[in-house]
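Listed below, chain by chain, are the residues.
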Amino acid sequence: MDTYPPTDRLTGASRYNPRLMGVASFTARGRLALAALLLAAAALRFGGIGDLPAGFQHDEAAYALDARNVLAGQHAIFFERSNGREPLFIYTLAGSFALFGIGVWPARIVSAAFGLLTVAAVARLVCDLFGPRCALLAAGFLALGYWPVHVSHTAFRAVTLPLLLTLAAIAFLRARACEGIGRAALAGVLLGATMYTYLSSRMLPLLVLVWIALSWWTGRQEKGSQFSGRAVLALVLVASAVFAPLGWYYGQHPRLPSPFAPPR
């Protein structure tokens, strides 16, 4: 039988106890079901990766050109082609090209990998919040749903945002519960890295501030459910340091899309 700690008023989730975290929250059948879903997700994402969808779209080609330029020594923090592109996906794409050569499937395999990892990360997050049954439902939707599979078959940087944001949420919730400086710093690294994924990550600083404020408010009523001041400071400083190179570039190029201006 699964065991969960008390419920948090803010999220409806289990309030964390470090001894209760991890894959032990899944039963043996639950772990088998999750493994089956991950295998199905992998088959749908990697199967026919070079042929489906047919053709290499113009956005995919633009990413491939930027990745090729990275291999040629053009190491940018922001890529200005097509109204501007954050760098995480492009550098990952360049790594795939370095390993497998330049082509359609080496480009799309990056998206497939991000998509598969997102299924696993969402299962972990939802299990932490709402238990293993909801986790399997969420993982099943992502593993088998048309749009998650379709996005994983196209070389487009938007596929990086869900994974980084989900990992950041996992670290954020665990740092909030355990009040550990190390966990808060890890959450800061992931939150800062999320800013390197896609334009819509520009909303992340506002969401984090709102969540911290709500955590503080509920913590006034429930002992042990809020961040300590040191943990908040560690999270903010580390996230700011990770984002600083891209933020500096935005400041030097105000006409480019920024994380605080509407996209063009």
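Residues numbered from 1 in each chain as written. Predicted model: local features only at pLDDT ≥ 70, side-chain atom pairs only at ≥ 80, totals over all residues. Heavy atoms only, no water.

S.K.: Looking at this structure, I do not really get the pattern of salt bridges. What am I missing?
M.R.: When the charged atoms of two side chains with opposite charge come close together, those side chains can pair. What the rule picks out here adds up to 6 salt bridges. Across the pair Asp66 and Arg81 runs a salt bridge whose closest N-O atoms are separated by 3.0 Å. With Asp66 in helix 2 (residues 58-71) and Arg81 in the loop between helix 2 and helix 3 (88-100), this pair connects stretches of sequence that are 15 residues apart. Its relative accessible area of 33% is what places Arg81 among the partly exposed residues. In this structure, the salt-bridge partner of Glu86 is Arg157, at a minimum N-O distance of 2.7 Å. With Glu86 in the loop between helix 2 and helix 3 and Arg157 in the loop between helix 6 (146-151) and helix 7 (160-178), the pair connects residues that are 71 residues apart, well separated along the chain. No difference in accessibility class separates Glu86 from Arg157, as the two residues are buried. (Salt bridge = Lys/Arg side-chain N within 4 Å of Asp/Glu carboxyl O. Helix = DSSP H or I, 4+ residues; strand = E, 2+ residues; numbered from the N terminus. Buried < 20%, exposed > 50% of the residue type's maximum accessible area, 1.4 Å probe, protein only.)

S.K.: Would you mind showing me how to read the layout of surface pockets here?
M.R.: Taking a probe equal in size to a water molecule and rolling it over the atoms shows the remaining empty space. Here the largest pocket defines a volume of roughly 260 Å³. Along the wall of the largest pocket there are 13 residues; nearest its centre are Pro205, Val208, Val236, Ala239 and Ser240. The set of elements that each furnish at least two residues to the lining of the largest pocket consists of helix 8 (181-194), helix 9 (204-219) and helix 10 (229-252). (1 Å grid on protein atoms, 1.4 Å probe; cavity = no way out; pocket = protein on both sides within 12 Å on 5 of 7 lines; lining within 4 Å. Points joined across faces, edges and corners; volume = space filled by probe spheres on them.)

S.K.: Mind showing me how you'd approach the packing of helix 2 against helix 3 here?
M.R.: Two quantities define a packed helix pair, namely the angle between the helix axes and the distance between the axes. With their axes 8 Å apart at the nearest point, helix 2 and helix 3 run at an angle of 70° to one another. Considered as vectors, helix 2 and helix 3 are oriented roughly perpendicular to each other. For helix 2 against helix 3, the interelement crossing comes out right-handed. Here Tyr63, Ala64, Asp66, Ala67, Arg68, Val70 and Leu71 of helix 2 come into contact with helix 3, specifically with Phe89, Ile90, Tyr91, Leu93, Ala94, Phe97 and Ala98. (Axes fitted to C-alpha atoms, helices over the stretch in contact; angles between N-to-C directions. Parallel < 35°, antiparallel > 145°, perpendicular 65-115°, else oblique. Left-handed = near helix turned anticlockwise from the far one by under 90°. Contact = heavy atoms within 4.5 Å.)

S.K.: Honestly, the confidence of the model for the protein chain in this entry has me stumped. Any pointers?
M.R.: Where the model shows low pLDDT, its predicted coordinates should not be examined in detail. The share of residues in the protein chain with pLDDT of 70 or more is 82%, and the mean pLDDT across the chain is 83. When mean pLDDT is compared element by element in the protein chain, helix 3 scores highest at 96, while helix 9 scores lowest at 75. Confidence drops under pLDDT 50 across residues 1-24; counting only partners more than four residues distant or on other chains, this segment forms 60 contacts. (pLDDT = per-residue confidence, 0-100.)

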